[in-house]
Amino acid sequence: MEIKYTIEDSAVRVALIGELDTPATIEIQPEIDTLLSYASRPIYIDCSQLTYIASSGLRQMIAFYKKSASEGGKLVLQNVTPDVMEIFSVTNFDKVFCFE
Amino acid sequence: MKFKYDGLVHHLVIILVFFVCMMGNFFLLFPIMDKEEALRFVGDIDRYASYFQANSDRVRTDSVYLDSLLSVSPNPYGGRFMIMDSEGFIIYDDNDHSGSAFDILYDDYGQIATDLLTDEIANPTPNSKTVYDYSASRSLYASYEPSLNIVFFYAADYSLYGSRMMPTFRLLLIIMILGGTVLIVISLSNIKKLTRDKIYQTANDKELETASAIQRAMLPRESRHLLQLDIDAKLLPAKKVGGDLYYYVLREGVLYFCVGDVSGKGIPASLCMSRMVSLFRVFALNGLAPARIASGINDELCINNDQYIFVTAFIGALRIVDGSLVYCNAGHDAPLYWNGVEDSRVGYLKSSPNLPLGFDSSTKYVEDMVVLEKNALLLLYTDGITEAKGKEGMLGRDNMNAIVEKLKSGSAKQISEGLLDEVLNFEKGVEQSDDITLLVLKNIPSPKELHISNDVKELRKIAKYCEFLFEECPLDAKSRILVRSGLDEALTNCVRYAYDTPGNDITVIASIEENNLIIVIKDSGKPFNPLEYFSDAPGTIKIGGLGIQMIRSNFDDVKYQWEDGYNILTLIKNL
C-alpha cells in the first residue's frame, strides 16, 4: 500500500495505490492522521489504483467524511474501480460518499 | 424327443428340419403308390428243355391254359403279370415293362424253385420263400402251387422310384408324417408363445434397463468436487437392479455419507433402496446427526413393513474443517480404518452395536465419534466384497484387509478401483452373486486450507489464498471481491479480538458443495457469535460492527456454532 498526497491551499489531493487492507491501514495511520488535520479543505482521493479496501480502510474514509463534514470541507472519491465500488455498495456507503 | 423351448431359433430349426424330412417322406411314399409295379412271374419249375418248351408254346397259343394260370395265381399286389421262361425270355406280358425287379434276382429262380420243391417233398404243406436283395431294395417272393406243379414268383421293388413299398414300411412313414405334423403344430404354437414371450421379455428388459438407470442416477455423481476430501465410491449390482446403496452429500462443511445393504435382492430390494437413499438425503440435508438420521429412517421403514425388509447401514457425518467424524452403525459390517500413519496397519473402525434399520421402531440408535487424521482412510463396504465367491471359496475379511493394506497409501479412486479389480479377479469364472458396494474416504491434506496465527500481518495471506480458491471456483469478479472482503473481515475479527495471547492457530477450509462455496473458519478463541452483533434494520450502520456487517452482507448465508471449545463460522456463497 502506498499513499501519496499533495497539500494545496485550495485542496488536498490524495492517491491510494494498492490494497487498503487492515495491515495497510495500520501502516498508513501516521499519514492519515496528518491528512485529517486538513479536513476543512476539500479532499480529493484518487482511487484509480486502489484495488481493495477492508472495513478498517472504510472506517478511515468515514473518519475523513465525518471530520470534513463537521469542519465544512468536503470529501470526493475519484475514479473508484468496480471492485472497490462493490465494497462501498454492499455497506451502503455508496449512498454516503461523493464519487467522481 | 426332448424339446428346448428356450429360444425361437430352436423352433424354427426344428420346423425346417421336419419340413425337409416330410418332403423326403412324401417323395418316398407317393411315387411308390402312384407307380405300383408289383410284378408277378410265373415260371415253370421244369426247367428242362422239352417239357418247358412245350409249356411255353402252350402259353403262347392256348389262352384257356393262360387263363387257368392267371386264376390260380395269388395276386396280392394286383399288379403286373408276366411269364418268363427259364432262359429269361418273356413269353407272356400283360403290359410293357423294363428294368423291372425281376432282372437282378433272375439268376436265383432255378435255385429257389429247386429249394421249394425239395421242401415240398420233405414236408407236403404249402411252401413259400422270400429272397431279399437289400442292395437293390428288391425282394423276390416264391410260392409253390402243387396242383399246377408250378412256382409263382412275385417281385417287388422298394427303391425310391422303383416299385411297391413294404406295407409296414409305408405305415412307418405315415406315422412319421403324422408325428412330424404334430411336432410342427406344437412348434408353431410354441413359436407363437415364444414370440409373445419375447415381446413381453423385451419390454420387461427395457423397463428393467430404465429402472437400472434410474437407480444409478440416484447415487451421487462421481466427479463430486470436494476441495478437502478425496472420496470415491463403486456400486456393482449383481442383477440389473439391487439393494445396495451408497450416498454422500455435503452440507455446510459436513460430509454426510452412508453405505447400506437392503435384505434381499432384485426389484423388491431396489424399491427399498431408493426409499432409503431419498430418506437419507432429506435427513442429511436437514443437518441431522447420524443417530437421528438412523432413527428417522428406521421409523419410516418400520411403517407397514409387512415384507420384513430391513437395511444394514453405516451412516457418518464428517466435519471437513477438523476431520471429526460422528457415525452410527446400524448392523452393518465394520468399516476398514487406517489412521494415516505409514507404520500402522489397516484395522476396523469400532462402533456401538445397533439394530438394522426397519427392524424395530423402538430402537434407540447410538452414535460414536472419531477424528480422522490427515491421510486417514475410511473404507465402507457391503458383504458383496467379503462374501465374494470365487473358485477358491469366499474372499473373506482377512483377504480384503490384506488387499487394502497394500493399497492404503493411494488415492480414494486408486484404492476403490484396486480393491474392485481384486474382487472381480477373485470372482472370475463364477457368477457375481451379490451386489458389491464400496465407499472410500481419504482425508487428504488440502491446499484449500489456510492456517494463520492471530497476528494482523497474517491477514495478508488472505489475498493469495482467495486467488488460489477462485481457480477452481466459478465466481464472477463482483462475487470474488465480496468473498475476499467478507473472509478478510471475519478473519480480522478473529485475529484482533478472539485471543489475548499471540501464536494461536486459526484454520480456514473451503469446499464447493452443489452450487455453493463454503468457507469454514475454526478458532479456539473466546466464544463470539458475529451474527448477534449486526443490525438487520436496513440503512442503519453501526461503525463498530462494520466488519461484521460486511461478513453478513458479502455472503449469502453465515452460520455460527460454538462446539468443543471452538468457534466455527461457516460462510456460504452461492455460485
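Residues numbered from 1 in each chain as written. Chains lettered and ligands numbered in written order. Predicted model: local features only at pLDDT ≥ 70, side-chain atom pairs only at ≥ 80, totals over all residues. Heavy atoms only, no water.

### Overview of the overall build of chain B
In terms of helices and strands, chain B carries 14 helices and 23 strands. The buried share of chain B, reckoned over its 575 residues, is 50%. Here the analysis covers contacts within chain B between residues at least 6 apart in sequence; of these, 69% occur between residues at least 24 apart. As displayed, chain B has an accessible area near 28,400 Å², and 56% of this comes from carbon and sulfur atoms. (Helix = DSSP H or I, 4+ residues; strand = E, 2+ residues; numbered from the N terminus. Buried < 20%, exposed > 50% of the residue type's maximum accessible area, 1.4 Å probe, protein only. Contact = heavy atoms within 4.5 Å. Areas by Shrake-Rupley, 256 points an atom, 1.4 Å probe, with all protein chains shown as cover.)

### Considering the confidence of the model for chain B
Residues and elements named next belong to chain B. The predicted model of chain B averages 78 in pLDDT, with 72% of residues at 70 or higher. Of the regions scoring below 50 in pLDDT, residues 1–5 engages in nine contacts with residues more than four places distant in sequence or in other chains. Considering only residues more than four positions removed or in separate chains, one finds that residues 30–54, a stretch of pLDDT under 50, has 82 contacts. (pLDDT = per-residue confidence, 0-100.)

### Details of the side chain of Ser212(B)
All names here are of chain B. Tracing the chain through its elements places serine 212 in helix H6 (residues 167–218). You can call serine 212 buried: its relative accessible area is 5%. When near neighbours in sequence (up to four residues on either side) are disregarded, serine 212 contacts Lys240 and Val241.

### A closer look at unusual backbone geometry
All names here are of chain B. The phi dihedral of asparagine 304 is positive, around 50 degrees, even though this residue is not glycine. For asparagine 304, the location among the structural elements is in the loop between helix H8 (290–302) and strand S10 (311–319). Even without a glycine there, the phi angle at asparagine 375 is positive, about 75 degrees.

### Things to note about the sheet that holds strand S14 (residues 368–371) of chain B
The strands that make up a sheet are held in pairs by hydrogen bonds between backbone atoms, and each pair lies either parallel or antiparallel. Residues and elements named next belong to chain B. Strand order in the open sheet formed by five strands is S8-S9-S10-S11-S14, with antiparallel pairing between adjacent strands. The open sheet terminates on both sides in strands that have one partner only, identified here as strand S8 (244–251) and S14. Direction aside, neighbouring strands of the sheet carry axes that sit 15 degrees apart on average. Across four bridges, the pairing between strand S11 (residues 324–330) and S14 is antiparallel. Directly across from valine 326, in S14, lies its bridge partner methionine 369. Against the sheet, helix H7 (residues 266–285) touches S8, strand S9 (254–262) and S10, its axis set at about 15 degrees to S8. Each of S9, S10 and S11 is contacted by H8, which is oriented at about 150 degrees to S10, the strand it contacts most. (Pairing = 2+ DSSP bridges. Axes fitted to C-alpha atoms, helices over the stretch in contact; angles between N-to-C directions.)

### A short note on the nonpolar core
Counting residues in hydrophobic clusters, the biggest one holds 61 residues, and the most contacted among them are Phe257(B), Ile297(B), Leu357(B) and Leu439(B). When residues of this core are assigned to their parent elements, the largest contribution, nine residues, is made by H7(B). For this core, the domains that each give at least three residues are domain 2 (219–442) and domain 3 (449–574) of chain B. Counting 34 residues, the second largest nonpolar core, distinct from the first, contains Ala54(A), Leu77(A), Phe88(A) and Val90(A). (Core = buried A, V, L, I, M, F, W, Y, C linked by side-chain atoms within 4.5 Å. Domains from an automatic or database assignment.)

### What to know about the packing of helix H2 (residues 29–36) of chain A against helix H3 (residues 55–70) of chain A
All names here are of chain A. Two numbers describe how H2 lies on H3: the axes approach to 11 Å, and their chain directions differ by 10 degrees. Viewed along their axes, H2 and H3 adopt a mutual orientation that is roughly parallel. Remark: the crossing between H2 and H3 carries right-handed chirality. Of the residues in H3, those touching H2 at Gln29, Ile32, Leu35 and Leu36 are Gln60, Ala63, Phe64 and Lys67. (Parallel < 35°, antiparallel > 145°, perpendicular 65-115°, else oblique. Left-handed = near helix turned anticlockwise from the far one by under 90°.)

### Regarding the sheet that holds strand S12 (residues 336–338) of chain B
Residues and elements named next belong to chain B. Read from one edge to the other, the open sheet built from five strands follows the order S7-S18-S15-S12-S13, with strand pairing classed as antiparallel. Only two strands of the sheet have a single partner each, and these edge strands are strand S7 (230–236) and strand S13 (347–348). Those strands touched by helix H10 (residues 396–407) are S12, S13 and strand S15 (377–381), and its axis lies near 145 degrees from that of S15. Running over the sheet, helix H11 (residues 412–426) touches S7, S15 and strand S18 (436–442) and is turned about 155 degrees from S18.

### Side note on the packing of aromatic side chains
Going through the model one piece at a time under the given rule, you end up with 10 aromatic pairs over all chains. Taking 6.3 Å as the distance between ring centres and 20 degrees as the angle between the ring planes, the aromatic pair formed by Tyr246(B) and Tyr248(B) counts as stacked. For Tyr248(B), a relative accessible area of 2% gives the class buried. Between the aromatic rings of Phe310(B) and Phe359(B), the centroid separation amounts to 5.5 Å while the plane-to-plane angle is 85 degrees, which identifies the pairing as edge-to-face. Here Phe310(B), found in the loop between H8 and S10, pairs with Phe359(B), found in the loop between S13 and S14; they are 49 residues apart in sequence, far enough to count as distant. Taking the relative accessible area as the measure of exposure, Phe310(B) reaches 27% and is therefore partly exposed. Three or more aromatic residues link up through ring pairs in this structure, and these residues are Tyr65(A), Phe88(A), Phe93(A), Phe97(A) and Phe99(A). Positioned above the aromatic ring of Tyr348(B) is the side chain of Arg397(B), whose terminal nitrogen or guanidinium carbon lies 4.0 Å from the ring centre. Between the NZ or CZ atom of Arg484(B) and the centre of the ring of Tyr52(A), over which it lies, the distance is 3.5 Å. (Phe/Tyr/Trp six-rings, centres within 6.5 Å; stacked < 30°, edge-to-face > 60°. Lys NZ or Arg CZ within 6 Å of the ring centre and 35° of its normal.)

### So, the pattern of salt bridges
Where charged atoms of side chains with opposite charge meet at close range, the side chains can pair. All names here are of chain B. Taken as a whole and judged by the stated rule, the model has 17 salt bridges over all chains. Among the salt bridges present, the one from glutamate 417 reaches lysine 413, with a minimum N-O distance of 3.7 Å. Here glutamate 417 and its partner lysine 413 are both found in helix H11, four residues apart, which amounts to about one turn of the helix. For lysine 413, a relative accessible area of 38% puts it in the partly exposed group. (Salt bridge = Lys/Arg side-chain N within 4 Å of Asp/Glu carboxyl O.)

### Description of helix H13 (residues 477–498) of chain B
With 22 residues, H13(B) extends 31 Å between its outermost C-alpha atoms, agreeing within 8% with the 32 Å of an ideal straight helix rising 1.5 Å per residue. Of all 22 residues that make up H13(B), 17 are buried, and the element is covered over most of its length. (Expected span 1.5 Å × (residues − 1).)

### Digging into the interface of chain A and chain B
Listed as interface residues are 22 residues of chain A and, on the opposing side, 24 residues of chain B. Together, the buried faces of chain A and chain B total about 2,000 Å²; carbon and sulfur atoms form 60% of this surface. The largest per-residue losses of area from chain A upon contact with chain B belong to Tyr52(A), Glu86(A) and Val90(A), which jointly make up 27% of the total buried on that side. Applying the counting rule to chain A against chain B returns four salt bridges. At the surface where chain A touches chain B, the tally comes to four residue pairs in polar contact (both at pLDDT 80 or more). (Buried area = accessible area lost by both parts, 1.4 Å probe. Polar contact = N/O pair within 3.5 Å; in protein donor to acceptor, adjacent residues only side chain to side chain.)

### Some thoughts on H2(A)
Residues and elements named next belong to chain A. Turning to H2, its buried residues number three or more, namely Ile32, Leu35 and Leu36. In an axial view of H2, the angular spread of the buried residues amounts to 100 degrees, which keeps them on one side of the axis. Contact partners of the buried residues in H2: strand S1 (2–7), strand S2 (12–20), strand S3 (43–53) and H3. (Arc of directions from axis to C-beta.)

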